[in-house]
Amino acid sequence: MDINQASRLLLEALIERKGVQYILEQGYKILGNPIGIGDPSTKLVAHYRCIFDDQPSWNKQIEQGYFSRDITGSPSFFELNEKVMRNALPVMVDGAYNLPFRTITGKIKADNTVLAFLSVFEYERPFGEKDIELTALLCDAVSLEMQKAKSFKYVKGTAFESFMTDLLDGKIRDSDTVKDLRDSLGLNLKKNLYVMVVDLKK
């Protein structure tokens, strides 16, 4: 698909206001490969076709919704982050996320703030010469959709807020995952912390 066709498809998707997941589905039509979005706390925000038959360890993390320390602490992950933050356009790297195929990753930004990162995985077809530019278009479309969806909790939140909200909501139950996220965020959580909840409706 060429740039003009992709732009029209993404514009139509934005007009339809069906959310980030729908934008990713259109992105798959454009790029022909799986796509995932992660926030700065390494939480998986959304994905499309990111379960890979030959990658059970990866699939487990997709299902739990967070990336483990094995991934976020790896040299390839640090290299990916550095390249993405240095470049205006998405970057292509080998071996990102400890996967045996290439990845194109770009920033999703609003007002010079990084909201999330979008990755396209070279799993179903080889990357084409326009895929970096097409991924940039997709990042822009997702940014617009995230900004207009006021209920999307990761737009204005921080990595810390995302982590604490999911923890309090019971969405993170695995103790190893909690420890990995705590360490990656540099949090020093004590055992004697308590939460008080007040129902303002009563």
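Let me begin by describing the structure that accompanies this report. Please read all numbers here as calculations on a predicted model, not as lab measurements.

Here we come to the nonpolar core. Among the nonpolar cores identified, the biggest contains 29 residues, and I23, I37, I108, L118, L138 and V142 are the most heavily contacted of them. Secondary-structure elements contributing two or more residues to this core are α1 (3-16), α2 (20-31), β1 (35-38), β4 (103-110), β5 (113-121) and α6 (131-148). Not counting chain neighbours up to four residues away, the residues in contact with V142 comprise V20, I23, L24, I37, I108 and L118. By size, the runner-up hydrophobic cluster in this structure holds 18 residues, among which are L80, V84, V91 and F121.

Moving on to the packing of α1 against α6. At a minimum axis distance of 10 Å, the contact between α1 and α6 shows a crossing angle of 15°. It follows from the interaxial angle that α1 and α6 lie roughly parallel. Considering the relative orientation of α1 and α6, their crossing is right-handed. Residue-level contacts link I3, A6, S7, L10 and L14 of α1 to E133, L134, L137, L138, A141, L144, E145 and K148 of α6.

This next bit is on the environment of V178. Within the element layout of this structure, V178 appears in helix α8 (residues 175-184). Taking the C-alpha atoms as reference, V178 lies 8.1 Å from L167; in sequence the two are 11 residues apart. Sequence-distant contacts of V178, defined by excluding residues within four places in its chain, comprise F163, L167 and I172.

Criteria and cut-off values
Residues numbered from 1 in each chain as written. Predicted model: local features only at pLDDT ≥ 70, side-chain atom pairs only at ≥ 80, totals over all residues. Heavy atoms only, no water. Core = buried A, V, L, I, M, F, W, Y, C linked by side-chain atoms within 4.5 Å. Buried < 20%, exposed > 50% of the residue type's maximum accessible area, 1.4 Å probe, protein only. Helix = DSSP H or I, 4+ residues; strand = E, 2+ residues; numbered from the N terminus. Contact = heavy atoms within 4.5 Å. Axes fitted to C-alpha atoms, helices over the stretch in contact; angles between N-to-C directions. Parallel < 35°, antiparallel > 145°, perpendicular 65-115°, else oblique. Left-handed = near helix turned anticlockwise from the far one by under 90°.

Any functional reading would require information that these geometric values do not contain.
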